[in-house]
Amino acid sequence: MTTMIGKSVNRVDGPLKVSGQATYAYEYWDSDVGQPLYGFIVGATIGKGRIARIDTTRAERAAGVRLVMTHLNAPAQGIPTPNPSIPLPYWVAKPELSSPDIHHYGEPVALVVATTFEQARAASSLVDVEYAAEPGHYDFAARQGQAYAPKTLVLGIATDTAVGDFDSAFAGAEVKVDQRYTTPYEFSQPMEPNACLAVPHGEREELTAYVSTQIVAAARARIANTLRMDPRRIHVVAPYIGGGFGSKLAVHAETILAMLAARQLKQPVKVAMTRQQIFQLVGMRTASSQRVRLGAERDGRLVALAHEATMYTNPRQEWSEPMAAFLRSLYAAPNRLTRHRLVPLDLQGNEDIRAPGEAPGMLALESAMDELAHALAMDPVEVRIQNEPTRDPERDVPSSDRRLVECMREGARRFGWERRPARPASVRDGRWLIGYGMAAASRGHPQAPTRARVRMDPDGNAVVQSDMTDIGTGTYTILTQVAADALGLPIDRVRVELGRSEFPASWGSGGSWGAANSSNAVRRACEALREKLQTADGRIPAEGLEAEGEIVGAADDPNFKNYSMSSYGAHFAEVGVDVDTGEIRLRRMLGVFAAGRILNQKTARSQLIGGMTWGVGAALHEEAVIDTRSGAFVNRDLAGYVVPVHGDIPEIDAIVLDGFDDKANALGAKGIGELSICGSGAAVANAVFNATGMRVRDFPITLDKVLPGLPPQDG
Ligand code: MOS
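Residue numbers restart at each chain and count upward from 1, following the sequence in its written direction. The model is predicted, so local features are restricted to residues of pLDDT at least 70 and side-chain atom pairs to those at 80 or more, both for listing and for counting; the totals for chains, interfaces and linings are taken over all residues. Values shown for side chains rest on all heavy atoms present in the structure; no hydrogens or waters enter the calculation.

Draft legend 1. Spotlight on the nonpolar core. What makes a nonpolar core is a set of buried Ala, Val, Leu, Ile, Met, Phe, Trp, Tyr and Cys residues whose side-chain atoms join them at distances within 4.5 Å. Three labels apply to residues, based on accessible area from a 1.4 Å probe with only protein chains included: buried if under 20% of the type maximum, exposed if over 50%, partly exposed otherwise in between. One finds Leu294 and Tyr331 to be the most contacted residues of the largest nonpolar core, which totals 89 residues. Each helix corresponds to a stretch of at least 4 residues labelled H or I by DSSP, and each strand to a stretch of at least 2 residues labelled E; elements are numbered beginning at the N terminus. When residues of this core are assigned to their parent elements, the largest contribution, 10 residues, is made by helix H10 (residues 358-376). We call two residues contacting when some pair of their heavy atoms lies within 4.5 Å. Once you skip the residues sitting within four places of it in the chain, Tyr331 turns out to touch Leu302, Leu305, Arg336, Leu365, Glu366, Met369, Arg384, Asn387, Pro389, Pro393, Leu404 and Ala440. Membership of the second largest hydrophobic core comes to 40 residues, among which are Val113, Ala209, Ala219 and Leu281.

Spelled out as structure tokens, the structure:
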């Protein structure tokens, strides 16, 4: 039997989704859970200060209102206590309405619960709040002088590294780039908003959260820690998720408030954030200011390499994005340094957004590499090949499966890179200036403890269970393929059940760890089941035969110590820039990627194209703008917060090289969810430079920034 793994199997959950039968958190209705009540969040209209007086009388008297919860009547809750065994903040308590203090704009000051959504929303406008505002700090650019060095970054990553003597090597370098790049605040903004339906089971003193979350175990832990309940009395149901991109790694105010209200009212309560609320209640990607210094010999070899990233943090919840950390493994140079600094601001806590670290970090670094190629008058691909390390440059260990050069060469060949305009602003197509750009992609390969269970029933059908989530990526499908392959069954004899806290725990979907973690745990479970079947001479008892599989976290896997493991890729982009208006249009784009073994060619390609598109957005469109007087995001909806739409993305393709990383895991697979975001924007930015000769270092590259640098026109 030929292997199922890698085949372009259609999504096994596709028919349910296109026929509206896949139920999302907010959609459960009374036949499932009983008639729910509706909660609406009231947010603070100041950025810092306190509630001087809050009057809920009018709201409480409004039609249909059952409860108005404020800091005056909210129950005592757990406080955030870091858990050293889980070096990410998503598991810790997140108390709401716990004091009159306001720490950021939009922070919940009340939850109004009513019989209908309309009643709750209408009554929310009747909550009367008087604030004592205090001056806050909201201006990232103006507060650069306050930057400080944190002890570690998220996941315990070192904040600073230094090898050799950067300063003197850079001073003596023949060719230098020393530039600063800025990136804006960005939001995940999946189609499905953050939402929770909280259902109490009074007789059992238990609660179920139907919730849109990427990590079921984290949701359960955060709810239990906040409500001060035994986690075994909290149940989480999250079988279908309408996108996450980091914004649902944690549950936020919607879940905590729904659960508090449901417990108190002994009735189901639904809370969803409005699109505007998501911009104030869910963490965003920090804005950044990144200085990159590259010092090279005339042949393109780097002698000195420095990447220093400054970002904001909420002082109450220190959180950092490892923007320069990828560089520690990417290019060779004997003298090097990386640094991360944090500027405290009175904004909501920042969180992981789509390839945290590499996405903004490679935008800066891969732009700088293009500047170096230009300064050297070398091909950008060749400059990168010149700096390909033989071992991990800072850890001095071999790489497991490093295929960056192969991706660049294959991409250059397929894209027709040799037709790249040799001089910037030298090629026209009618009114369009034409430019080509490329950039490298790399993304770490994380691994986290994951368990899965498989049961075979007497009819020979298998059921796989894990609290793993499918956030739209295709998890149901790849796990079906992996189990079918390991058990020697056709895929229609395997059913995968995900997203329930009663199932064996995983780290869910995030950080590009989901597919490799859960597929390997499922494979192990299937192997264990096969052994049990053998022992039982193939006889399956009436209750079925069951086995579990588990993989350990990176810290307990020696391959992560002995090898440098990443996935790689190369992006190639062609843009046209209107010679009069500066309008930038992507004309075509190609990505070539290597991420070990691919579990499903079709879902992988969809992931990769989606990621490349996010990168185009980072280069040209996305920017959440702060009102620096109040700390409010002014363009807080999808009309004002611009992301690429179909009209912005013409011909685009993603190709994956066949592979198998035997150090990564038994399936040879690495994550691809975020790889293609990394470097994608830089390829577009570099194409804009090639088209115009204008280098914009302040992202996104909007036409007003390009216009002053366009070549003068005749007549
Ligand atoms: Mo990802 S930003 O870790 O969901």
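Don't stop here, the text continues.
Draft legend 2. View of the sheet that holds strand E21 (residues 545-551). One requirement defines pairing of two strands: DSSP has to find at least two bridges between them. Judged by pairing direction, the sheet is mixed, and its 4 strands sit side by side in the order E20-E19-E18-E21 without closing on themselves. The two strands at the open ends of the sheet, each matched to only one other strand, are strand E20 (494-497) and E21. The average undirected angle you get between the axes of adjacent strands in this sheet is 20 degrees. Alignment of strand E18 (residues 450-456) against strand E19 (residues 462-465), held across 4 bridges, turns out to be antiparallel. Paired with Arg453 across the bridge in E19 is Gln465. Axis angles are defined between N-to-C directions and span 0 to 180 degrees, where every axis is a line fitted to C-alpha atoms and, for a helix, only to the segment in contact. On the sheet, helix H13 (residues 475-487) packs against E18, E19 and E20 and is oriented at approximately 135 degrees with respect to E20. The strands that helix H14 (residues 514-535) touches are E18, E19 and E21; relative to E21, the one it contacts most, it runs at about 140 degrees.

Draft legend 3. Molecular detail of the sheet that holds strand E16 (residues 428-429). Ordered by their spatial adjacency, 5 strands build an open sheet running E16-E17-E22-E23-E26, and the pairing between neighbours is mixed. Two strands in the sheet have a free side with no partner beyond their single neighbour: E16 and strand E26 (651-656). Pairing geometry for E16 and strand E17 (residues 432-444), over 2 bridges, is antiparallel. Across the sheet, the residue bridging to Asp429 is Trp432, located in E17. Most of the contacts of helix H12 (residues 404-415) go to strand E22 (residues 566-578), to which it runs at about 30 degrees, and overall it touches E17, E22, strand E23 (584-594) and E26.

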